[in-house]
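# Structural description and commentary
Residues per chain, in single letters:
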Amino acid sequence: MAAAVSPPTIALLERAEKISQGAEAAIDIQNRDRCIPLQKIYRAQLHPPRSHPPSESSQVPEHVLLKHRFHKQYRHPTLDATLTKSRVAGEARALIKCIRSGVNVPGIRMVDATEGVLGIEWIDGKSVRFLLGGGAEGEEEAEDDSADVDTDADEYVEEDSLQDLTIDTDALMEMIGTEIAKMHQADIIHGDLTTSNMMLRHPSSPKGLQLVLIDFGLAYTSTLVEDKAVDLYVLERAFASTHPQSEPLFAGVLKAYEKKMGKDWSAISRRLDDVRLRGRKRSMVG
């Protein structure tokens, strides 16, 4: 009897290298200080290199990042399949809209909504969180994931600093503010703006030095000023919690955002003040 053959996407995951595990802010109700992993991240090649020696004209196969929203045993199978398809397709649509609007985001390489897999461009660079001294991503889960994640994953990127990348902090903040403004002008709300979800592409890469927004798993479309203000507030809180003494940094982000948004900034600025006030009241109440 012939052995069962795995579907192409599953076969791709089986030969891929697991990099990390993401939670996307899903909180375990039984243990609110712990996140439920909703997806796994892999590094793979869509077209593995051939066995024969490559010629001078042949290109090295491109690496891609695979986001796998695996099946959840705690959900009804029909509901799980529907939600998985919807969220994978939604993230792909958000990325496509950003690309068409000129926002720097990873390119899409494959979509298999049925299997819950989204393949995107592998970004050769470092996260803004790392470059600003906030530590590497996933440090909080290091103990929990140490048995699952390949510890050699960091070998693919050199330990660069802002100075090595020929850019200063002010210029980086300007790049962040500009890209967020371009995203909001396209009416895309990221939903999880943090410095971990921003990468600085290495100057030696084909596209050169570039600020790239990543992880659109919680993104959605909205024209509301409120949603854009909340997006900014989430980033402001992320700066405060991850990068101490970060007020001047976020001020630089808002300055560039204001410049790019033009006349639309006034309404967003007023609403951002309202959101901040509500946030402070919520913190006082507990």
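Whatever comes next refers back to the structure up there.
The residue count restarts for each chain, going from 1 along the sequence in the order it is written. Per-residue local features of the predicted model are confined to residues with pLDDT of at least 70, and side-chain atom pairs are confined, for both listing and counting, to 80 or more; whole-chain, interface and lining totals are unaffected and use all residues. Side-chain measures were taken over the full set of non-hydrogen atoms in the model, leaving aside hydrogen atoms and water.

Another aspect to go through is the nonpolar core. As a rule of thumb, soluble globular proteins bury nonpolar side chains together. Residues Leu172, Ile176, Ile180, Met183, Met198, Phe216 and Leu235 are the most contacted members of the largest nonpolar core, which totals 48 residues. Beyond its immediate chain neighbours, meaning those up to four positions away, Met198 contacts Lys126, Ser127, Val128, Ile176, Ile180, Leu193, Leu211, Val212, Leu213, Ile214 and Leu235. With nine residues, the next largest nonpolar core counts Leu13, Ala16, Val64 and Met110 among its residues. Within this scheme, the nonpolar core is defined by two criteria: the residues are buried Ala, Val, Leu, Ile, Met, Phe, Trp, Tyr or Cys, and they are joined through side-chain atoms within 4.5 Å. Only protein chains enter the accessibility calculation, which uses a 1.4 Å probe; a residue is then buried when its area is under 20% of its type maximum, exposed when over 50%, and partly exposed in between. Contacts are residue-level and defined by heavy atoms, with any inter-residue pair within 4.5 Å sufficient.

Here we come to the packing of aromatic side chains. Put simply, two rings from Phe, Tyr or Trp (the six-membered ring, in Trp's case) pair if the centres are within 6.5 Å, and we call them stacked under 30 degrees between planes, edge-to-face over 60, tilted for the rest. All told, the structure shown has two aromatic pairs when counted by the stated rule. Its guanidinium or amino end placed over the ring of Phe70, Lys40 lies 5.1 Å from that ring's centre, counting from NZ or CZ. Its guanidinium or amino end placed over the ring of Trp122, Arg43 lies 4.7 Å from that ring's centre, counting from NZ or CZ. Remark: a charge is flagged as sitting over a ring if the NZ atom of Lys or the CZ atom of Arg is within 6 Å of the ring centre and within 35 degrees of the ring normal.

So, on to the pattern of salt bridges. The working definition used for a salt bridge is a side-chain nitrogen of Lys or Arg within 4 Å of a carboxyl oxygen of Asp or Glu. What the rule picks out here adds up to 13 salt bridges. Close ionic contact of Arg201 with Glu121 constitutes a salt bridge, the shortest N to O distance being 2.8 Å. With a gap of 80 residues between them, Arg201 in strand E8 (residues 198-201) and Glu121 in strand E5 (residues 117-121) connect regions that are remote in the sequence. Both residues of the pair, Arg201 and Glu121, count as buried. Overlapping salt bridges, with partners in common, bring together Lys67, Glu91 and Asp215 in one network. Put simply, DSSP H or I for four residues or longer makes a helix, DSSP E for two residues or longer makes a strand, and each gets a number counted from the N terminus.

To continue, consider the pairing of E5. Each regular strand displays side chains that alternate between the two surfaces of the sheet. Burial analysis of E5 places five of its five residues in the buried class, the great majority of the element. Each pair of strands is called paired provided DSSP finds at least two bridges between the two strands. Sheet analysis places strand E3 (residues 63-68) next to E5, joined by five bridges and oriented antiparallel. When the bridges of E5 are listed, Val64 appears paired with Glu121. Of the pairings in the sheet, the one linking strand E4 (residues 108-112) to E5 comprises four bridges and is antiparallel in character. Bridging from a neighbouring strand, Asp112 pairs with Val117 of E5.

A separate point is the side chain of Asp231. As for its position among the elements, Asp231 is in helix H6 (residues 225-242). No salt bridge forms around the buried Asp231; measuring N to O, its nearest opposite-charge neighbour Lys228 is 9.4 Å away. For this analysis, a polar contact is any N or O atom pair within 3.5 Å, provided that within protein one partner can donate a hydrogen and the other can accept it, and provided that sequence-adjacent residues contribute only side-chain to side-chain pairs. Polar side-chain contacts of Asp231 include one of 2.9 Å to the side chain of His184. Only 2.9 Å separates the side chain of Asp231 from the backbone nitrogen of His190, close enough to count as a polar contact. Leave out the neighbours within four places in its chain, and Asp231 touches Met183, His184, Ile189, His190, Gly191, Asp192 and Leu193. Positive charges come from Lys and Arg alone, negative charges from Asp and Glu alone, with His and the N- and C-terminal ends not counted.

Summary: where empty space remains is shown by rolling a probe the size of a single water molecule over the atoms. Only protein atoms enter the 1 Å grid, on which a cavity is a set of points fitting a 1.4 Å probe that cannot get out and a pocket is an open set with protein on both sides within 12 Å along at least 5 of 7 lines, lining residues being those with an atom within 4 Å of a point. Grid points are joined across faces, edges and corners, and a volume is the space filled by probe spheres set on the points. All told, the structure shown has one cavity of 30 Å³ or more when counted by the stated rule. Taken as a whole, the largest cavity encloses approximately 40 Å³ of empty space. Lining the largest cavity are Leu38, Arg69, Lys72, Arg75, Leu83, Thr84 and Arg87. By residue class, the composition of the lining of the largest cavity is two nonpolar, one polar and four charged. Just so you know the grouping, Ala, Val, Leu, Ile, Met, Phe, Trp, Tyr, Cys and Pro go in nonpolar, Asp, Glu, Lys and Arg go in charged, and all remaining residues, Gly too, go in polar.

Helical geometry note: an α-helix holds 3.6 residues per turn, so side chains three or four residues apart project in the same direction. With 18 residues, H6 extends 26 Å between its outermost C-alpha atoms, agreeing within 8% with the 26 Å of an ideal straight helix rising 1.5 Å per residue. Along H6, the positions that sit buried rather than exposed are Asp227, Lys228, Ala229, Asp231, Leu232, Tyr233, Leu235, Ala238 and Phe239. To estimate how far a helix should extend, the number of its residues minus one is multiplied by 1.5 Å.

Let us now look at the packing of helix H5 (residues 169-185) against H6. Axis definition: a line fitted to C-alpha atoms, limited for helices to the stretch in contact. Angles are taken between N-to-C directions and run from 0 to 180 degrees. Across the interface, H5 lies against H6 with an axial gap of 11 Å and an inter-helix angle of 155°. The angle between the axes of H5 and H6 places the two elements in the roughly antiparallel class. Our pair here, H5 against H6, has a crossing hand that is right-handed. Judged by residue contacts, Met173, Ile176, Ile180, Met183 and His184 of H5 engage Lys228, Asp231, Leu232, Leu235 and Phe239 from H6. When an angle is under 35 degrees it counts as roughly parallel; over 145 it counts as roughly antiparallel; between 65 and 115 it counts as roughly perpendicular; any other value is oblique. Crossing handedness follows the turn of the near helix against the far one: under a right angle anticlockwise gives a left-handed crossing, and clockwise gives a right-handed one.

Attention shifts here to the sheet that holds E8. One open sheet accounts for three strands, arranged E6-E8-E9; its pairing is antiparallel. Each of the sheet's edge strands pairs with one partner strand only, and the pair in question is strand E6 (125-127) and strand E9 (210-213). Strand-to-strand twist of the sheet, defined as the mean angle between neighbouring strand axes without regard to direction, takes the value 25°. Bridge analysis of E6 against E8 gives three bridges, and the strand direction is antiparallel.

Bringing unusual backbone geometry into the picture now. With the exception of glycine, most residues fall at negative phi, and the peptide bonds are largely trans. Its identity as a non-glycine residue notwithstanding, Asp187 has a phi of 65°, on the positive side. Relative to the helices and strands, Asp187 is located in the loop between H5 and strand E7 (188-189). Backbone geometry at Gln245 places phi at a positive 60°, although glycine is not the residue there. Mapped onto the secondary structure, Gln245 falls in the loop between H6 and helix H7 (247-261).

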